[in-house]
Amino acid sequence: EDQVTQSPEALRLQEGESSSLNCSYTVSGLRGLFWYRQDPGKGPEFLFTLYSAGEEKEKERLKATLTKKESFLHITAPKPEDSATYLCAVQARTGRRALTFGSGTRLQVQP
Amino acid sequence: EAGVTQFPSHSVIEKGQTVTLRCDPISGHDNLYWYRRVMGKEIKFLLHFVKESKQDESGMPNNRFLAERTGGTYSTLKVQPAELEDSGVYFCASSQVVLQPSPRTGELFFGEGSRLTVL
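What counts and how
Residues numbered from 1 in each chain as written. Chains lettered and ligands numbered in written order. Predicted model: local features only at pLDDT ≥ 70, side-chain atom pairs only at ≥ 80, totals over all residues. Heavy atoms only, no water. 1 Å grid on protein atoms, 1.4 Å probe; cavity = no way out; pocket = protein on both sides within 12 Å on 5 of 7 lines; lining within 4 Å. Points joined across faces, edges and corners; volume = space filled by probe spheres on them. Helix = DSSP H or I, 4+ residues; strand = E, 2+ residues; numbered from the N terminus. Nonpolar A, V, L, I, M, F, W, Y, C, P; charged D, E, K, R; others polar. Pairing = 2+ DSSP bridges. Axes fitted to C-alpha atoms, helices over the stretch in contact; angles between N-to-C directions. Buried < 20%, exposed > 50% of the residue type's maximum accessible area, 1.4 Å probe, protein only. Core = buried A, V, L, I, M, F, W, Y, C linked by side-chain atoms within 4.5 Å. Contact = heavy atoms within 4.5 Å. Buried area = accessible area lost by both parts, 1.4 Å probe. Salt bridge = Lys/Arg side-chain N within 4 Å of Asp/Glu carboxyl O. Polar contact = N/O pair within 3.5 Å; in protein donor to acceptor, adjacent residues only side chain to side chain.

Chemist: Which residues make up the layout of surface pockets, and what values go with them?
Modeler: Size it by volume and the largest pocket reaches roughly 780 Å³. Those elements giving two or more residues to the lining of the largest pocket turn out to be β9 (88–95) and β11 (114–118) of chain B. When its residues are assigned to classes, the lining of the largest pocket shows seven nonpolar, 13 polar and nine charged. Around the second largest pocket, the lining is made up of 22 residues, and of these A:Glu1, A:Thr100, B:Glu42, B:Ile43 and B:Lys44 lie nearest the centre. Those elements giving two or more residues to the lining of the second largest pocket turn out to be β1 (3–7) and β10 (100–101) of chain A together with β4 (31–37) and β5 (44–50) of chain B. A breakdown of the residues in the lining of the second largest pocket according to their chemical character gives eight nonpolar, six polar and eight charged.

What follows is the structure, given as structure tokens:
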């Protein structure tokens, strides 16, 4: 069974204080690993898809990386508007197309 | 372009009653998914439509849940009769049919969710 574990559950940073979120996964052949951002009362908003170990994607202050066992979401010099829950999900290469989500990391960036 | 829309945004019902949730996907998206998040847990898959056909309903918890997708457009998810453990946020998501490697591959567009409270 596919599994996704995210850590930490919650993270509080000062504005400008860089950090990383972790997503560990087990999947029967990885089709893709996805990062989403979710704001309170909203649906998940797509950030990145990573397909193979060594791949990196960047968007503004965010950079996602992928290894064979985990993915990191690096946040450089965060701002208060980066506060949100960040979700990681995997999709297996075979079988169903559904995503398996982790529980998320709640990020709070204080000014 | 309109995003995925869900209705109602919040529903409060009593145990044993029936509730129907509706999802309008992005126009042209043949893939439609239902997911659910119960309190304190991760978002979990319920089922997947491709056009009007159920591709995968392995995540449906039991036969009190019935999903339909009329003519491959909007979808409804009915819970009958509702139980306390059905409370949570139900998300709908849509995507285009083929997931090919591209800068936009794999993007599921989610709605804002329908919060269901069963008392």
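Once the structure has been displayed, the description carries forward.
Chemist: Before we move on, can you summarise the sheet that holds β1(A) with the specific residues and values?
Modeler: Residues and elements named next belong to chain A. Taking strand neighbours across the sheet as the criterion, the five strands line up as β1-β3-β8-β7-β6 in an open arrangement whose pairing is antiparallel. Edge strands, defined here as strands with exactly one partner in the open sheet, are β1 and β6 (56–59). If you compare each strand with its neighbour and ignore which way they point, the axes differ by 15° on average. With six bridges connecting them, strand β3 (residues 19–26) and strand β8 (residues 70–75) associate as antiparallel partners. Directly across from Asn22, in β8, lies its bridge partner Phe72.

Chemist: Quick one: what's the story with the pairing of strand β4 (residues 30–38) of chain A, residue by residue and with numbers?
Modeler: All names here are of chain A. With respect to burial, β4 is a largely interior element, eight of its nine residues being buried. Strand direction decides the pairing type here: β4 and strand β5 (residues 45–50), joined by five bridges, are antiparallel. Pairing of Leu33 across the sheet is with Leu50, part of β5. Taken together, β4 and the strand that follows it, β5, pair antiparallel across an intervening segment of six residues, in which Gly41 is found at a positive phi of about 75°.

Chemist: So what about the nonpolar core? Which residues, and what values?
Modeler: Grouped together as the largest cluster of nonpolar side chains are 23 residues, with contacts concentrated most on A:Leu33, A:Trp35, A:Leu73 and A:Tyr86. Sorting the residues of this core by element identifies β2 (10–14), β3, β4, β5, β7 (62–66), β8, β9 (84–92) and β11 (105–110) of chain A as the ones contributing at least two each. If you tally residues by element for this core, the top one is β9(A), at four residues. When residues no more than four places from it in sequence are discounted, the contact partners of A:Leu73 are A:Ser19, A:Ser20, A:Leu21, A:Trp35, A:Phe48, A:Leu62, A:Lys63, A:Ala64 and A:Tyr86. If you look at the next biggest cluster of nonpolar residues, it comprises 21 residues, including B:Leu21, B:Ile26, B:Met60 and B:Cys92.

Chemist: Account for the interface of chain B and chain A, with residues named and values stated.
Modeler: Counting residues at the interface gives 20 residues for chain B, matched by 20 residues for chain A. The contact between chain B and chain A buries some 1700 Å² in all, and 53% of this surface belongs to carbon and sulfur atoms. The partner of A:Lys42 in a salt bridge is B:Glu112, and the shortest N-O contact between them spans 3.2 Å. Elements represented by at least two residues in the side of chain B that touches chain A include exactly β4 and β5 of chain B.

Chemist: An account of the sheet that holds strand β1 (residues 5–7) of chain B is needed here, citing residue identities and associated values.
Modeler: Sheet strands pair via backbone hydrogen bonds, and the direction of the pair is either parallel or antiparallel. Residue and element names in this part refer to chain B. Across the sheet, four strands lie side by side as β1-β3-β8-β7; this open sheet has antiparallel pairing. Taken across any chain shown, the strands that pair with only one partner, and hence form the sheet edges, are β1 and β7 (65–69). Mean inter-strand twist for the sheet, computed between neighbouring axes without regard to direction, equals 15°.

Chemist: I'd like a rundown of the environment of B:Ser87, residues and numbers included.
Modeler: Residues and elements named next belong to chain B. Here Ser87 shows up in the loop between β8 (75–79) and β9. Sequence separation between Ser87 and Gly3 is 84 residues, and the spatial gap between their C-alpha atoms is 25 Å. If we ignore the near neighbours within four places in the chain, the residues touching Ser87 are Val38, Leu116, Thr117 and Val118. Within the structure, Ser87 has its side chain in polar contact with the backbone nitrogen of Val118 (distance 2.9 Å).

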